[in-house]
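# Architecture at a glance
Okay, here's what each chain looks like letter by letter:
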Amino acid sequence: MASETKTQAAPRRVRRTGEEARRLILDAAEKRLASNGPEGIRLQDIAKDVGISHPAILHHFQSREGLVAALVERTMRHLREALFAVIEKGQSGPVDTGAMMDEVFATLSDKGHARLLAWLTLTGRVESEPEGAEKGRGTQMLSELTDLIHEASVKQAEAAGRPGPQIEDTRFYMLLAAITAFGEAIVGKQMYAAAGLGDDPKAATQFRERLKTLLNPGY
């Protein structure tokens, strides 16, 4: 009996919009960042994760640096939206600084973005931003948050019939919170071990909860 040659159908290509493709590539890059750090953002691996070719990533981001810059831009935008949502939710009462700290820790530490930002800064790549990105977004966000929290704190103090905080106090509170959260995200595991906590999975949670209590401005 003559053998029949079967022609295997080529795999069906998935058509994606440019926006969807960019989102999937950035999602894959973020997962690599969380698991392997900045050095884990390799275009070949990300292309494999998404199921596209290496040149396809270059088509959307031009280079690895362009991909990293776009990832930072998206992260800062999402963090800004999350933090401002917390402030907006608390318009009728005290600002939930604990919820804000949770958002910061989730982004900087759990998703690995603090390590990425530190790497960009230490290697002189901090100015590398995608075309059309707003310069100094992180600095601007901290300044905007400081102003909004100070305004809310003053209003709450006036409503309670007590003196409100000075703007310098709010600025230094925000700096202390930001720098501490950033440092915990980068060297927290090493510091927990040095403090005798070893690999206790509860160490980070306990530290963050105590930090939120210590940093509560009490406005």
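Residues numbered from 1 in each chain as written. Predicted model: local features only at pLDDT ≥ 70, side-chain atom pairs only at ≥ 80, totals over all residues. Heavy atoms only, no water.

## So, the overall build of the chain
Quick reminder of the rule: We count a stretch as a helix when DSSP gives it H or I for four or more residues in a row; a strand needs E for two or more, and each element gets its number in order from the N terminus. Any residue under 20% of the maximum accessible area for its type is buried, any over 50% is exposed, and the rest in between are partly exposed; the area is computed with a 1.4 Å probe on protein chains only. In what follows, residue pairs with any heavy atoms lying within 4.5 Å of each other are defined as contacts. The Shrake-Rupley method, run with a 1.4 Å probe sphere, supplies the accessible areas, and residue values consider only the shown protein chains as cover.
Scanning the chain from N- to C-terminus turns up 9 helices and 0 strands. Beginning at the N terminus, the succession of helices and strands in the chain can be written as α-α-α-α-α-α-α-α-α. Out of the 219 residues in the chain, the part that is buried amounts to 36%. Counting only contacts in the chain whose residues sit at least 6 apart along the sequence, the fraction spanning at least 24 positions is 69%. Of the accessible surface of the chain, which amounts to about 14,000 Å², a share of 53% is contributed by carbon and sulfur atoms.

## Let's talk about the pattern of salt bridges
What counts here: We define a salt bridge as a contact between a side-chain nitrogen of Lys or Arg and a carboxyl oxygen of Asp or Glu at a distance within 4 Å.
This model, assessed by the stated rule, comprises 11 salt bridges. Across the salt bridge formed by E144 and R80, the nearest N and O atoms sit 2.6 Å from each other. Placement of E144 in helix 7 (residues 137-159) and of R80 in helix 4 (residues 64-89) is noted, with a sequence separation of 64 residues between them. Of the charged contacts in the structure, one is a salt bridge between E209 and K212, with a shortest N-O distance of 3.0 Å. Taken as a pair, E209 and K212 lie in helix 9 (residues 202-215) at a separation of 3 residues, close to a single helical turn. Owing to a relative accessible area of 13%, K212 belongs among the buried residues under this scheme.

## Looking at the packing of helix 2 (residues 43-50) against helix 3 (residues 54-61)
Note the threshold: To get an axis, fit a line to the C-alpha atoms, keeping to the stretch in contact for a helix; angles then go from 0 to 180 degrees between the N-to-C directions. Small angles under 35 degrees read as roughly parallel and large ones over 145 as roughly antiparallel, with 65 to 115 read as roughly perpendicular and the rest as oblique. Residue polarity is assigned by list, with Asp, Glu, Lys and Arg as charged and Ala, Val, Leu, Ile, Met, Phe, Trp, Tyr, Cys and Pro as nonpolar; anything else, Gly included, falls into the polar class.
Two numbers describe how helix 2 lies on helix 3: the axes approach to 8 Å, and their chain directions differ by 100 degrees. Viewed along their axes, helix 2 and helix 3 adopt a mutual orientation that is roughly perpendicular. In this structure, helix 2 uses L43, Q44, I46 and A47 to contact helix 3, whose residues at the interface are H54, I57 and L58. Looking at the contact of helix 2 with helix 3 residue by residue, the classes come out as 5 nonpolar, 2 polar and no charged.

## A short note on helix 6 (residues 113-122)
Those residues of helix 6 that sit buried are H113, A114, L116, A118 and L120. Looking at the packing, one finds that the buried side of helix 6 touches helix 1 (18-36), helix 4, helix 5 (97-110) and helix 8 (167-194). Positive phi appears at G124, one or two residues downstream of helix 6, with a value of about 75 degrees.

## Some words on helix 2
Among the residues making up helix 2, those that are buried are L43, D45, I46, A47 and V50. Where helix 2 is buried, its residues meet helix 1, helix 3 and helix 4. Phi for G51, located one or two positions after helix 2, is positive at around 85 degrees.

## A word on the packing of aromatic side chains
Let me state the cut-off plainly: Pairs were defined over the aromatic rings of Phe, Tyr and Trp, the Trp ring being its six-membered one, requiring ring centres within 6.5 Å. Orientation was assigned from the angle between planes: stacked under 30 degrees, edge-to-face over 60, tilted for the rest. Criterion for a charge above a ring: Lys NZ or Arg CZ within 6 Å of the ring centre, and within 35 degrees of the ring normal.
Per the stated rule, a full pass over the model turns up 1 aromatic pair. Its end group placed over the ring of F84, R80 keeps NZ or CZ at 4.5 Å from the ring centre.

## What to know about unusual backbone geometry
Positioned with a positive phi, Q62 is a non-glycine residue whose angle comes to about 70 degrees. Inspection of the secondary structure assignment puts Q62 in the loop between helix 3 and helix 4.

## Re the confidence of the model for the chain
This is how the line gets drawn: Note on scores: pLDDT gives the predictor's confidence for each residue, bounded by 0 and 100.
Scored by pLDDT, the chain has a mean of 81; 83% of the residues are at 70 or more. Across the chain, helix 2 holds the top mean pLDDT of 94, while helix 7 sits lowest at 81. Considering only residues more than four positions removed or in separate chains, one finds that residues 1-13, a stretch of pLDDT under 50, has 0 contacts. Taken together, the stretch residues 127-135 has pLDDT below 50 and engages in 13 contacts with residues farther than four places along the chain or on a different chain.

## Overview of the environment of M174
Relative to the assigned elements, M174 resides in helix 8. You can call M174 buried: its relative accessible area is 7%. The spatial distance from the C-alpha of M174 to the C-alpha of I149 is 9.2 Å, given a sequence separation of 25 residues. In this structure M174 touches L142, L145, T146 and I149, once residues within four positions along its chain are discounted.

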